[in-house]
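The lines below spell out each chain.
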Amino acid sequence: MTPAPDRPLTLAARGVTVTYPNGHVALTDATFALGGGTICALVGVNGSGKSTLFKALMGFVVPSAGAVTISDEPVRTAQRRGWVAYVPQAEEVDWTFPVNVHDVVMMGRYGYMNFLRIPRAADRDAVADALRRVGLWDLRDRQIGELSGGQKKRVFVARALAQQGRVILLDEPFTGVDVKTEEAIVALLRELRAEGRLILVSTHNLGSVPEFCDQVVLINRTVLACGPTSEVFTADNLQRAFGGALRHFDLSRSTVEEHDGRQVTVLTDDERPLVLGQGGHLEYRDRSAHEKLVADREAGKT
Amino acid sequence: MSLDLLLQPFSYDYMLTALWVSTLIGAVCGLLSGFITLKGWSLMGDALSHAVVPGVGLAHLAGLPLSLGAFTSGLLAAAAMSFVKLKTPVREDAVIGVVFTAFFAFGILLISLFPAQLDLKSIIFGNILAIAPGDVAQLVAISVLCVAVLALQWRDLLLFSFDPNQARTLGLPVRRLHLTLLLLLSATTVAALQAVGAILVVAMLITPGATAYLLTDRFGRMLVLGSALGAFTAFAGAYASYFLDGATGGCIVVLQTLGFLLAFVFGPKHGLLAARRARRRLCLVAPAVAP
Ligand SMILES: Nc1ncnc2c1ncn2[C@@H]1O[C@H](COP(=O)(O)OP(=O)(O)O)[C@@H](O)[C@H]1O
Ligand SMILES: [Mg+2]
């Protein structure tokens, strides 16, 4: 059960091909590798195979070719050791089930318990700790259906925390979640990254990716690109991943003129906008954390 | 009514047996009903209870234990259902419907062909008052086994019912848990068959759980409550049937339905009255709360 400290955390897919029983090939030859201490976004249009890739990483579907390994172990072994934690999409959960917040978070601890699954002090501590970290300790006795959308999401994040998974998979975690919760979850994911965990987030919300993901795997029925966000998030790659499925606002063809200088304000109602600069490279919202990138680009230009 | 009269049922051996066997079966079915209702297997329970009928008939004709025949027949039906479901895109409920009615029809046909040996009424409506000692022993064995398995595995089965994906990511044997629940359902169906008959078995396997669901928000409590409700209604139903001279199964299930109605109206949280109170409270505070 203990995460092997001797071996560094890695997640690798090599040539993964997934064929569904009806013959549909959802993924072909998907290859990428990630290390610990990262938040990686899995980005692609609907039907591009994000959920399929998650299923392969969790061992729910067996690739017809290729393999997934976690710290060089097959998925099965990694699961038995409790390395893989999964935060489901809200629609997958039966919210009317008679379990409370504490019960659900305790379900993350099953792998640590004996055959009878009777919680021990260590399990209770881990659950209490997880509940406090996501700010649900006071609501621990609530039936899960009696929570707000953001609180519901946090219950399952707490479960992943209590499980102490090394690899945490989140499927569309920000759909239907308010900004405050999104920020709380992002802060939490950053803490987990600092602890050396590997976090993989599937999303189609492009704008939020540069905010908190340092790596990106771009997929469309195969892996199109993977690597640091600033390298992968380019107009070219996104064009390949999304085709015509994105809305554009091209400044050079807009009414924005020279005399406006750099003064443009971008507003959207819900999702964050993704802004690409000249030549299609990624622009960050806040330059303070990206001084080095700005300097590099400056150097590259001159 | 004098005390003598009230105690009268206890002075007959067949009534004593009927009372405690019913209570035991009621408790076991009630315990399992929590899983059946939450897993959404009510139709499956209904199907299995009908599908055991040909097995009972054949076992009776062959002189084999009834439980064995019923159990085999139920499992065959379950296997047939999953096979057909796997091989065709027909919806699950339709598959279940096709398979169990086929089994039931075969059973009815069998009974009608051998009217001298097979008693339609006792198979369809149960006859706990005439239960044979050998059958009692089988029922006790089945009940003990079911309770033991549930006592050891209820937390795993809970996770399997609530979130099979999490169960799988933790490396739990999901297929085995599925099979366990199916076997428990078949076994309790077989056990309850003799008490209330094939038609009403499904009530014993659903109503106590559904009632308990209205009364609590905790799964563990729901199981205990369902079991207690099942035991109490089965005992009271069997007892009442002595005075009413009515079918035991009918008495038990009518009582269970009454229990459900009470919970439906007066349940502390999910009952109709509670919901109305909550709505009224909401109306009073609503103007103060910004959406
Ligand atoms: N169980 C399944 N059987 C057959 N095809 C499937 C199944 N699940 C998904 N697919 C197909 O595989 C493709 C990828 O789906 P999915 O991984 O769910 O995409 P995403 O999560 O990126 O929206 C889609 O074309 C979808 O129709
Ligand atoms: Mg998906």
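Residues numbered from 1 in each chain as written. Chains lettered and ligands numbered in written order. Predicted model: local features only at pLDDT ≥ 70, side-chain atom pairs only at ≥ 80, totals over all residues. Heavy atoms only, no water.

Colleague: So what exactly am I meant to see when it comes to the pattern of salt bridges here?
Modeller: Any two side chains of opposite charge can pair, given that their charged atoms come close. The tally for this structure, following the rule as stated, stands at 14 salt bridges over all chains. With a shortest N-O distance of 2.9 Å, B:Arg218 and A:Asp103 are connected by a salt bridge. Of the two residues, B:Arg218 is situated in the loop between helix H10 (174-215) and helix H11 (219-244) and A:Asp103 in helix H3 (residues 101-106); the pairing between them involves two chains. With relative accessibility at 28%, the residue B:Arg218 sits in the partly exposed group. Owing to a relative accessible area of 18%, A:Asp103 belongs among the buried residues under this scheme. Among the ionic pairs, B:Asp163 bridges to A:Arg159, the shortest N-O distance being 2.9 Å. On the criterion of chain membership, the pair formed by B:Asp163 in the loop between helix H8 (133-162) and helix H9 (164-169) and A:Arg159 in helix H5 (residues 149-163) is interchain, its members lying in two chains. Using a relative accessible area of 9% as the deciding quantity, one classes B:Asp163 as buried. Residue A:Arg159 is classed as buried on the basis of its relative accessible area of 1%. One network of salt bridges, in which partners are shared, links A:Arg133, A:Glu191, A:Glu195 and A:Arg197. (Salt bridge = Lys/Arg side-chain N within 4 Å of Asp/Glu carboxyl O. Helix = DSSP H or I, 4+ residues; strand = E, 2+ residues; numbered from the N terminus. Buried < 20%, exposed > 50% of the residue type's maximum accessible area, 1.4 Å probe, protein only.)

Colleague: I'm lost on the nonpolar core in this one. Help?
Modeller: Counting residues in hydrophobic clusters, the biggest one holds 128 residues, and the most contacted among them are A:Val43, A:Val105, A:Leu189, B:Leu32, B:Met81 and B:Phe162. Dropping the residues within four chain positions of it, A:Leu189 is found in contact with A:Ile39, A:Leu170, A:Ile199, A:Val201 and A:Phe212. Membership of the second largest hydrophobic core comes to 32 residues, among which are A:Met58, A:Val61, A:Ala78 and A:Val84. (Core = buried A, V, L, I, M, F, W, Y, C linked by side-chain atoms within 4.5 Å. Contact = heavy atoms within 4.5 Å.)

Colleague: Is there a simple way to explain the packing of H8(B) against H10(B) in this structure?
Modeller: Helix packing geometry: the angle between the two helix axes and the distance between the axes. All names here are of chain B. Orientation of H8 relative to H10, taken along the N-to-C sense of each, is 150°, at an axis distance of 9 Å. In terms of axis orientation, H8 runs roughly antiparallel to H10. H10 is crossed by H8, and the crossing has left-handed handedness. Note on element contacts: H10 touches H8 through Val-174, Arg-176, Leu-177, His-178, Thr-180, Leu-181, Leu-184, Ala-187, Thr-188, Val-190, Ala-191 and Gln-194, opposite Asp-135, Leu-139, Ile-142, Cys-146, Val-149, Leu-150, Gln-153, Asp-156, Leu-157 and Phe-160. Here the residues of the contact of H8 with H10 are counted per class, giving 14 nonpolar, five polar and three charged. (Axes fitted to C-alpha atoms, helices over the stretch in contact; angles between N-to-C directions. Parallel < 35°, antiparallel > 145°, perpendicular 65-115°, else oblique. Left-handed = near helix turned anticlockwise from the far one by under 90°. Nonpolar A, V, L, I, M, F, W, Y, C, P; charged D, E, K, R; others polar.)

Colleague: How should I be thinking about the sheet that holds strand S8 (residues 198-203) of chain A in this particular structure?
Modeller: Backbone-to-backbone hydrogen bonds join strands into a sheet, with any given pair of strands oriented parallel or antiparallel. All names here are of chain A. The sheet built from six strands is open, its strands ordered S6-S7-S8-S3-S9-S10 with mixed pairing. This sheet does not close on itself; its edge strands, each paired only once, are strand S6 (84-87) and strand S10 (223-228). Taking the axes of each pair of neighbouring strands and ignoring which way they run, one obtains an average angle of 15° across the sheet. (Pairing = 2+ DSSP bridges.)

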